[in-house]
Amino acid sequence: MEQFIGYGKQWIDDDDIAAVQEVLKSDFLTQGPRIGEFEQALAHYLGARYAVVVSSGTAALHLAVLALSLSKGKQGITTPITFAASSNCLIYNGLKPGFADIDENTYCIDPVEIEKHIAAGTGVLIPVHFAGQPARMREIYEIAQKKGIFIIEDASHALGSRYDNGKNVGSCCYSDMAVFSFHPVKTITTGEGGAVTTNDKQLYERLLLLRNHGITKDPGKLKLPDAGGPWYYEMQELGYNYRITDIQAALGLSQLKKLDEFVRRRREIIAMYNQTLANIPWLTAPYERPGVFSAFHLYVIKIDFKQIDKTRTRVMQELKAKGIGTQVHYIPVHLQPYYRENWGYKPGDFPRAEQYYHQCLSIPLYPKMTDEDVHRVIDAILDLGH
Ligand SMILES: *Cc1c(COP(=O)(O)O)cnc(C)c1O
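Description of the structure in this document. (Residues numbered from 1 in each chain as written. Predicted model: local features only at pLDDT ≥ 70, side-chain atom pairs only at ≥ 80, totals over all residues. Heavy atoms only, no water.)

**Remarks on the nonpolar core**
Working step 1: Of all hydrophobic cores here, the largest spans 92 residues; its most connected members are Leu 42, Phe 130, Tyr 273, Tyr 299 and Ile 381.
Working step 2: Here this core takes eight residues from helix α9 (residues 259-277), the largest share from any one element.
Working step 3: Among the domains, domain 1 (14-256) and domain 2 (259-384) are the pair contributing at least three residues each to this core.
Working step 4: With near-sequence residues (within four places) excluded, Tyr 299 lies in contact with Ile 270, Tyr 273, Asn 274, Leu 277, Ala 285, Pro 286, Leu 361, Ser 362, Ile 363 and Leu 365.
Working step 5: By size, the runner-up hydrophobic cluster in this structure holds 26 residues, among which are Val 65, Val 124, Ile 126 and Leu 207. (Core = buried A, V, L, I, M, F, W, Y, C linked by side-chain atoms within 4.5 Å. Buried < 20%, exposed > 50% of the residue type's maximum accessible area, 1.4 Å probe, protein only. Helix = DSSP H or I, 4+ residues; strand = E, 2+ residues; numbered from the N terminus. Domains from an automatic or database assignment. Contact = heavy atoms within 4.5 Å.)

This is the structure we're talking about:
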């Protein structure tokens, strides 16, 4: 039996293992030197002033929204075509989860749709760089500036991507904060892990505080400086334990060194896919907006299932029988039972997202795929039309 090709997977080398081993043999399993080193390396790579690494991308989103101190009952707006965490983070913070429909070509949130949904209570926009392609940040930034609204980029798919101005996603040139995930299917991994980047010192300091229960020991920041002695620490607000371990930070540092190579190989695979798949009449290959550089977290195709007279279930089964894994990214968040029952959403609310959902399929994409794997996938997809 040929090896199974999943839709995404990490790449771990001996140097990653050695980096983790070194921490395991050291005195610090958590809150040691690797965390700060990883934060500095990440901020430096991205061109942001600050990075705060945390226990997951979801924790990063939760803290980023919390750090803005928006009053309860305000609204945030994200895209329905994302992982649920992009909007759940609003609800964690007592905010209403709002959505704006996607652009039909890029599948990212459409700035024109954002403008339609902005209301007096809108406090934050959370664009998602879907599949690695940067959303139209210049337009989104202008809208937010005009209305005095914050922007948090959910860049979980887009580590290594660049905007059309050539700057890195994560440099926060168009946002208050950007959030990354280091889950194993993402561009680099720490097992579980995430990060927030920002250029704002105040936000940076709040993120550090909130990551650690809202507790500080910094003598310069104490509210009651005379209350204790050398043991003294202060809990100044309600935070969380969203710390990452030094073990994970060591893995992240080691992985970050290989990010450019991972992205190069991802794009090489994309080029191989495009060469054949862009010419199939019943299939739509991914569109890359001129000027942007996508690190391609996913390769999403749209299939006209009527034309090949097969359901998506059948297509997934046929590919699986050939040892090829596929996935659907995503079921529109507003159609999840929780969102329908608690927030009143229903089918038809975001027609472009729903139309996209009926046709999309993510096919395997990860840097460790061999050319042979790629050709196996291409051949299996061509066979679907027969
Ligand atoms: C992966 C992902 C997250 C959450 O990241 P975790 O590290 O799994 O918590 C959030 N948003 C998007 C778009 C993601 O793909």
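**Points about the pattern of salt bridges**
Working step 1: Scanning all chains against the criterion turns up 26 salt bridges.
Working step 2: We note a salt bridge from Glu 268 to Arg 265, for which the minimum N-O separation is 2.6 Å. A residue pair is termed a helical-turn pair when its members lie 3 or 4 positions apart in one helix, as Glu 268 and Arg 265 do in helix α9 at three residues.
Working step 3: For Asp 371, the salt bridge identified is with Arg 265, shortest N-O distance 2.9 Å. Taken together, the residues span a long stretch of sequence, with Asp 371 in helix α14 (residues 371-384) and Arg 265 in helix α9 at a distance of 106 residues.
Working step 4: For Asp 371, a relative accessible area of 40% corresponds to the partly exposed category. (Salt bridge = Lys/Arg side-chain N within 4 Å of Asp/Glu carboxyl O.)

**Side note on the packing of aromatic side chains**
Working step 1: Overall, the coordinates contain 16 aromatic pairs when judged by the stated rule.
Working step 2: Ring geometry for Phe 99 against Phe 350: centres 5.9 Å apart, planes inclined by 70 degrees, an arrangement best described as edge-to-face. Separated by 251 residues along the polypeptide, Phe 99 in strand β3 (residues 96-99) and Phe 350 in the loop between α12 (337-343) and α13 (351-359) bring together distant segments of the chain. The two residues Phe 99 and Phe 350 agree in class, both being buried.
Working step 3: Among the aromatic residues, those joined into a ring-pair cluster are Phe 99, Tyr 338, Tyr 339, Tyr 345 and Phe 350.
Working step 4: Its end group placed over the ring of Phe 293, Arg 162 keeps NZ or CZ at 4.1 Å from the ring centre.
Working step 5: A cation over a ring is seen here: Arg 312 above Tyr 357, with NZ or CZ 5.1 Å from the ring centre. (Phe/Tyr/Trp six-rings, centres within 6.5 Å; stacked < 30°, edge-to-face > 60°. Lys NZ or Arg CZ within 6 Å of the ring centre and 35° of its normal.)

**Structural notes on the site of the ligand**
Working step 1: Around the ligand, the surrounding shell holds 16 residues, and the nearest of these are Gly 57, Thr 58, Asp 154, Ser 181 and Lys 186.
Working step 2: Contact distances for the ligand include 2.5 Å between an oxygen atom and a side-chain N or O atom of Thr 58.
Working step 3: Between the ligand and Lys 186 there is a distance of 3.0 Å, counted from an oxygen atom to a side-chain nitrogen or oxygen.
Working step 4: Protein contacts shield 92% of the accessible area of the ligand, which totals 380 Å² for the unbound molecule.
Working step 5: Here the shell around the ligand takes three residues from helix α3 (residues 57-67), the largest share from any one element.
Working step 6: Classifying every residue of the shell around the ligand gives five nonpolar, nine polar and two charged. (Near = heavy atom within 4 Å. Polar contact = N/O pair within 3.5 Å; in protein donor to acceptor, adjacent residues only side chain to side chain. Areas by Shrake-Rupley, 256 points an atom, 1.4 Å probe, with all protein chains shown as cover. Nonpolar A, V, L, I, M, F, W, Y, C, P; charged D, E, K, R; others polar.)

**A look at the pairing of strand β1 (residues 50-54)**
Working step 1: In terms of burial, β1 is largely enclosed, as five of its five residues are buried.
Working step 2: Burial along β1 is two-sided: Tyr 50, Val 52 and Val 54 and Ala 51 and Val 53, pointing in opposite directions, are all buried.

**With respect to the pairing of strand β5 (residues 150-154)**
Working step 1: By the criterion of burial, β5 is predominantly enclosed, with four of the five residues buried.
Working step 2: Of the strand pairs in this sheet, strand β4 (residues 122-126) and β5 are connected by two bridges, and their pairing is parallel. Among the inter-strand pairings, Val 124 is bridged to a residue of β5, identified as Phe 150.
Working step 3: This β-α-β element, β4 to helix α6 (residues 137-147) to β5, shows right-handed connectivity. (Pairing = 2+ DSSP bridges. Right-handed = clockwise from strand over helix to strand, strands pointing away.)

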